[in-house]
Amino acid sequence: MALPSVMVLPLLIVIAAGIYYIYTEVIHFMSKSLVRNKVVVITDAVSGVGRECAQLFHKGGARLVLCGTSWDKLESLYDSLTSDADPRETFAPKLVILDFSDMDSIEEVVAEVGDCYGCVDVLICNSSMKLKAPVQSVSLELDRNIMDINYFGPSTLAKGVLPMMISRRSGHIVLVNSIQGRLAVPFRSSYAASKHAAQAFFDCLRAEVEEYGILVSTISHTFINASATMPSAPTPPAPTPSDQSPSEQPPTEQPPTEQPTSKAPASQSLVNQLAPLLNKLAAYIASQLTHGVRPSVLANEIMRTVNRKRKEVLLAHPIPRVALYLRSLFPSFLFAVVAAGVKDSALADQMQ
């Protein structure tokens, strides 16, 4: 008996849905089995992304070493992971105090991490410090603090665990970076500079340690959705160390506007004529850049990166991706759009 044509499409949808369900269940099972018994070190594990990663890897049977700056928060995370866990399927996490703003303590931290299980299979560098402020309002001390947390800390920790990985000729280092390590955004000069430095370091490291069977992955994501808002940056600004990137308030200060020159080049004249269009385009790009990812989504991407051994991941919406291509192919156009957005925000502040 022939199947009525009206039933073909619903039947195909049901079959496709069943295949997709089976596929997701298989991938979910494989993701757990691939990290089982692996020693996984997570920095800033008490943050939003860190907690989500800890839950995923703990359920997968990994032997976790959770690092953070607050012992109370680490103990709270420990309790949440072990309260409902099956001790036959999971391992109780090890806790280590780690503060990248104290670089002198990194050597002791590396030794303590090594003492936990004697080796490190996966290192997830998740710590980060955010800042939004005009360039002229950022002190040298704050610049150095950001570089310590975002660049010197992760790179020094990676160097510390390398001997353990090289001796076993295996290991995986994951840098949870930012799209601003590849695309700089105004009023985030120090943050973008530190992320560019980290991106370059781990790109170099990837090539240097490949012969030892060690994999290096970088994950570049947009801002992370969070309920808390980031404090505005008065003079001097006061950022908060965290791995999350909440929605940011407009800066309280703006860089001085450029003085008009007597002879404007032809390209500048064209930019002035297109100013309204550029302003709208800049505002749209800014809204897309600040429409970030949820911590749970990023944590799942970190798990997939570890399981699939991907070397580079870009977790962003289409507009930031297009901006990256514009930066490479049409840099002058992107510079004009970004500058127009800065001038437009400065004018809006003056009118308030």
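Residues numbered from 1 in each chain as written. Predicted model: local features only at pLDDT ≥ 70, side-chain atom pairs only at ≥ 80, totals over all residues. Heavy atoms only, no water.

A. Fine view of the overall build of the protein chain. Along the backbone of the protein chain there are 11 helices and seven strands. Across the 352 residues of the protein chain, 44% fall into the buried class. Taking all contacts inside the protein chain whose residues are at least 6 apart in sequence as the whole, residues at least 24 apart take part in 74%. Of the accessible surface of the protein chain, which amounts to about 18600 Å², a share of 59% is contributed by carbon and sulfur atoms. (Helix = DSSP H or I, 4+ residues; strand = E, 2+ residues; numbered from the N terminus. Buried < 20%, exposed > 50% of the residue type's maximum accessible area, 1.4 Å probe, protein only. Contact = heavy atoms within 4.5 Å. Areas by Shrake-Rupley, 256 points an atom, 1.4 Å probe, with all protein chains shown as cover.)

B. Up close: the side chain of Thr90. Among the structural elements, Thr90 can be located in the loop between α3 (71-82) and β3 (94-97). Relative accessible area serves as the criterion here: at 14%, Thr90 is assigned to the buried category. A polar side-chain atom of Thr90 sits 3.0 Å from the main-chain carbonyl oxygen of Asp86. (Polar contact = N/O pair within 3.5 Å; in protein donor to acceptor, adjacent residues only side chain to side chain.)

C. Looking closely at the side chain of Ser137. Looking at the element boundaries, Ser137 is found in the loop between β4 (122-125) and α5 (140-168). For Ser137, the side chain forms a polar contact with the main-chain oxygen of Pro134, separated by 2.9 Å.

D. Structural detail: the packing of aromatic side chains. Taken as a whole, this structure holds three aromatic pairs when the rule is applied. On the numbers, 4.8 Å between centres and 55° between planes, the contact of Tyr151 with Phe152 is tilted. Overall, the relative accessible area of 19% leaves Tyr151 in the buried class. Between Tyr151 and Phe201, the aromatic rings sit 6.1 Å apart at their centres with planes inclined by 80°, giving edge-to-face as the arrangement. Separated by 50 residues along the polypeptide, Tyr151 in helix α5 and Phe201 in helix α6 (residues 189-209) bring together distant segments of the chain. (Phe/Tyr/Trp six-rings, centres within 6.5 Å; stacked < 30°, edge-to-face > 60°.)

E. Expanded view of unusual backbone geometry. Of note in the backbone geometry, Arg169 takes a positive phi value of approximately 50° without being a glycine. Residue placement: Arg169 occurs in the loop between α5 and β5 (171-176). Even without a glycine there, the phi angle at Lys309 is positive, about 55°. With respect to the element layout, Lys309 can be found in the loop between α9 (295-308) and β7 (312-315). Looking at Lys309, the relative accessible area reads 57%, which means it is exposed.

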